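If you want the building blocks of each chain, they are given just below.
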Amino acid sequence: MDAIFLQILNGLDKGGAYALIALGLTLVFGTLGVVNFAHGALFMMGAFCVVTLQKVLTIAKRVKDPSVTFFDAYKEQPYLEIWFGDTGRAIIDYVVPISILLAIPIMLIVGVAMERGLIRYFYKRAHADQILVTFGLAIVLQEIIKSFFGANPIPVSAPHVVAGSAAIGSLVGLGDAVVYPWWRLIYLLFSGVVIFGVFAFLQYTTYGMVVRAGMADRETVGLLGINIQRRFTIVFGLATVVAGLAGVMYTPVLPPDYHMGMEFLVLSFVVVVVGGMGSLGGAVTAGFLLGVLQSFSSMTEVKAIIPGIDQIIIYLVAVVILLVRPRGLMGRKGVMES
Amino acid sequence: MTAKIILDVDDVQMRFGGLMALSDVNLQIEEGKTHAIIGPNGAGKSTLLNVCVGRLQPSRGTVMFEGEILTGKTPYEINQVGVARVFQTPEIFPELNLLENVMVPALAKRDGSFKFNAFRNVMREADIRDEAEHVLEDLGLQEQRTHIAGSLSRGDKRRLELAMCLVQHPRLLLLDEPTAGMSRADTNRTIEILKRIKERGMTKVIIEHDMHVVFSLADKISVLAQGKIIAEGAPDDVRGNPKVQEAYLGGAHL
Amino acid sequence: MSVSPSPKKELATIAIFTVAVLAMPIWLAPIGAAYPDLLQKFAIFGIFAIGFNILFGLTGYLSFGHAAFLGVGSYTAVWSFKLLTMNVLPAVIFGTVLAGLFAVLIGYVSLRRSGIYFSILTLAFAQMSYNLAYSVLTPITNGETGLQLTQQDPRIIDSMFVEAGAGLPSTTLFGLKMSGYPGFYFCAVVLIIGFWISLKIFNSPFGMKLKAIKSNQTRMGYTGFNTRPYLLVAFVISGMYAGLAGSLMAATDPLAGAERMQWTASGEVVLMTILGGVGTLIGPLLGAGVIKYFENIFSSYNENVLHQIFAALPDPLEDAVVAVTSLFVGEGWHLTLGTLFMVIVIFLPGGIVEGARRLKSLVLRPTVRKYGFKTDQPTTRS
């Protein structure tokens, strides 16, 4: 029972990342009709916003180490700490949440630039061309990151207060032995909030209404005289920001490296397909669902029965879904069908 | 009535959710005749053709072609028994040239639904080629035979599609508004072509809005309105039928 | 697409091609590409790309999982070396056949969908194979280390004829060692056969029907063709080419690793095909050659070399130029590749072959034409 509960939690936070990326993919696909293979690279860029900020904040000066008294010892001390003392130290400690403030404008700019500079020329091109050009872009983005930050994963830590684990076992009546990292709980909560935010935006604002209408019938909305073009740019920016934030918050869970985006992209695409191309609800549901499924299949008990199942479960589910229910769990009729 | 029935649509019903597109349609097409189906927009004419060629499966009822049940068959199986169709918006191979466009259906007629003939040069398929050239010439497209089909005018695309169907010598040809959007000259030309085919004894079902075309070609007319056949008969009978005039244009003259 | 060339012209094409391929060590010498390792790569990736083009170029189905077949071919060939004989012929045959069987399986399932769904299905299958090769299939694939020859391998057939030597044996073709130039010529002969088959398919009724499927699949149905077996055959043939390429990789260098199955490897063959010209006969081959050639040159460059190249520039400018260009060479070769990918898709969707055609028409009829983003590409059905 404890183990199952933990596996569900485990799956949900990974599922949160899938859901956030898949949400953006679906949004872009549903409104702009573009298959964006560079979306995973945006997730990765979000993560590297944290790395960049961490590097900047910890620019250090060599100072004498006062704790060593026998001889002159030196240590690196960040300027922030020298200038602001404990406040500076706290800022460095909270680098991940602070990065959110940095990532939102950066990702927005990246997204708008990408849509204006490249994507919009591909609205009317074949899906194969869209896949190819964004695949190329993804390679370019990840190679640029690699040339700046190297190929190795760069560890980032969560703020000290939430670095430990929460004794959630006692909270839900499962005994003290059940503990779970605080940060992962926060990530789960965070993805929930972002997803809720995006849905609320689409549901309750006129802006969102137009976007949803655009997803249902692009041509008609265009004919209504609404400047659909500008809204598309914003939607693309929004998707970019969501992917970026997913990346920012994921850094303490998985040390970012330059090709993390590709891995998440492939999985997120599978998530989108399982959820149903063009269905936002489907993307989110499938994200969490597949996260949990993956986490269950990596239990030793399961692997003992079907070896290797944890490696392929997501793809296997996707294949089965595509064959028995081509539109995915919640796909609408007529999306991407000839 | 001794003529042989080639296509028999029996009690066909087609429902899209709450909408009844076809309700209990019965239709008999006689061999060698040209049968026109007319009716206002949204009457279910194209749906009826779609049911006949296997694009849609009817909710109820069957379609028989020369004693063989077509319902439940796929489009390619239906083509292979001898039913060809011209679409409302021309379905051609835009990236291939005209000759290739016509050779492909000719190959379908000869090779069946699948044949792995990957080691024979197309140029050696002299009979297929001759046949394709012959049909192109028949329809006046010979000059453009090396042009890419996508570059043709709309009217020429329709004629090409007709050529693609004719090269298969179908026993039954279904035409969905073959002259829509054509100039008067092109329309007359198409009428001439269709008349010539008729002389060869090919059975045709034709959906058309242009009454000039209908009355030049049809031996028999069925009027479809709101998914039902409301009148049927020889052109002159239908022309004078008040029910038809009412359904159409609210009583305007045909 | 014009009417296919006559059988006579076909013969001439294959004759010219044969001469050109066999003479590669001569005419590639001036650009420094005439050494066996690189020539082998040209031939092997050429085969891979030619095969990929039979699927993507003729039917328009974009597979993102062809690297899986490459991997299967490699593993099979190495196992043939380990268990049976160091002779490359059975290895290549087994590799191709097994990859073909594998392609029947994956193709049968994936081809139930078209468009981007097909791409994602093939991607999913390739990722599954890759993940499995790294995990539970370790007894077959030797996991991360990769599958290699060992002293203890049984080599049943070989051991009947000769005593095992002291070191690891090398791959042979009936005694002829498959390293260096003999290795290249073996690959070259296979390439010529592969090209010939592809040429035959392109000019056959079968090929014409595949092109028609790409052009308008709906019409194909109403024309009386059952498109699925056509697609499956094309898929299996192209899978077998990939398996053949994979087994040749193992034949020239007897090891196999799972990274050959990764989806970036699938992406590479897509790029080769696009770069050269999708749906053209010779394009994919050109694409493979260009990419492998520049990969070879670019990845050997480093900052020192660049400083030498730009030494003529004034110092500050030299530093700046070197700083920028060094991003694209050496380790950064993939950046060049990615950029190239984008540039081709954006500006020249027809690839090198299309570029050459435009250049030719520009020279013959010097009219000013503008090429930009909005090329008149017909949007394909999905």
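From a predicted model like this one, the values you see are computed outputs, not experimental measurements.

Attention shifts here to the interface of chain C and chain B. Of the residues lining the interface, 32 residues belong to chain C; the matching set on chain B comes to 35 residues. At the level of elements, helix H1 (7-22), helix H9 (180-202), helix H10 (205-215), helix H11 (217-222) and helix H12 (227-252) of chain C are the ones that each hand at least two residues to the side of chain C that touches chain B. Here the side of chain C that touches chain B is built from residues that sort into 14 nonpolar, 13 polar and five charged.

Residue and element names in this part refer to chain C. Viewed as axis vectors pointing N to C, helix H13 (residues 263-276) and helix H17 (residues 333-347) meet at an angle of 45°, and their least axial separation amounts to 10 Å. On the basis of the axis angle, H13 is oblique to H17. Classified by chirality, the crossing of H17 by H13 is left-handed. Of the residues in H17, those in contact with Leu 271, Ile 274 and Leu 275 of H13 are Leu 337, Leu 340, Phe 341, Ile 344 and Val 345. Its residues assigned to classes, the contact of H13 with H17 shows eight nonpolar, no polar and no charged.

Residue and element names in this part refer to chain B. Across the sheet, four strands lie side by side as S2-S1-S4-S5; this open sheet has antiparallel pairing. The open sheet has two edge strands with one neighbour each: strand S2 (19-30) and strand S5 (68-69). Direction of pairing for strand S4 (residues 60-65) relative to S5: antiparallel, over a ladder of two bridges. If you follow Phe 65 over to S5, its bridge partner there is Glu 68. Where helix H1 (residues 45-52) meets the sheet, it contacts strand S1 (5-16), S2 and S4, and its direction lies at approximately 65° from that of S2.

Attention shifts here to the sheet that holds strand S6 (residues 83-86) of chain B. All names here are of chain B. Ordered by their spatial adjacency, six strands build an open sheet running S6-S7-S8-S3-S9-S10, and the pairing between neighbours is mixed. Since the sheet does not close on itself, it has two edges, and those belong to S6 and strand S10 (228-233), each with one partner. Strand-to-strand twist of the sheet, defined as the mean angle between neighbouring strand axes without regard to direction, takes the value 20°. Of the strand pairs in this sheet, strand S9 (residues 220-225) and S10 are connected by five bridges, and their pairing is antiparallel. Residue pairing for S10: Leu 224 is matched across the bridge by Ile 229.

The rules we used
Residues numbered from 1 in each chain as written. Chains lettered and ligands numbered in written order. Predicted model: local features only at pLDDT ≥ 70, side-chain atom pairs only at ≥ 80, totals over all residues. Contact = placed C-beta atoms within 7 Å. Helix = DSSP H or I, 4+ residues; strand = E, 2+ residues; numbered from the N terminus. Nonpolar A, V, L, I, M, F, W, Y, C, P; charged D, E, K, R; others polar. Axes fitted to C-alpha atoms, helices over the stretch in contact; angles between N-to-C directions. Parallel < 35°, antiparallel > 145°, perpendicular 65-115°, else oblique. Left-handed = near helix turned anticlockwise from the far one by under 90°. Pairing = 2+ DSSP bridges.

Nothing here speaks to function; it is all geometry.
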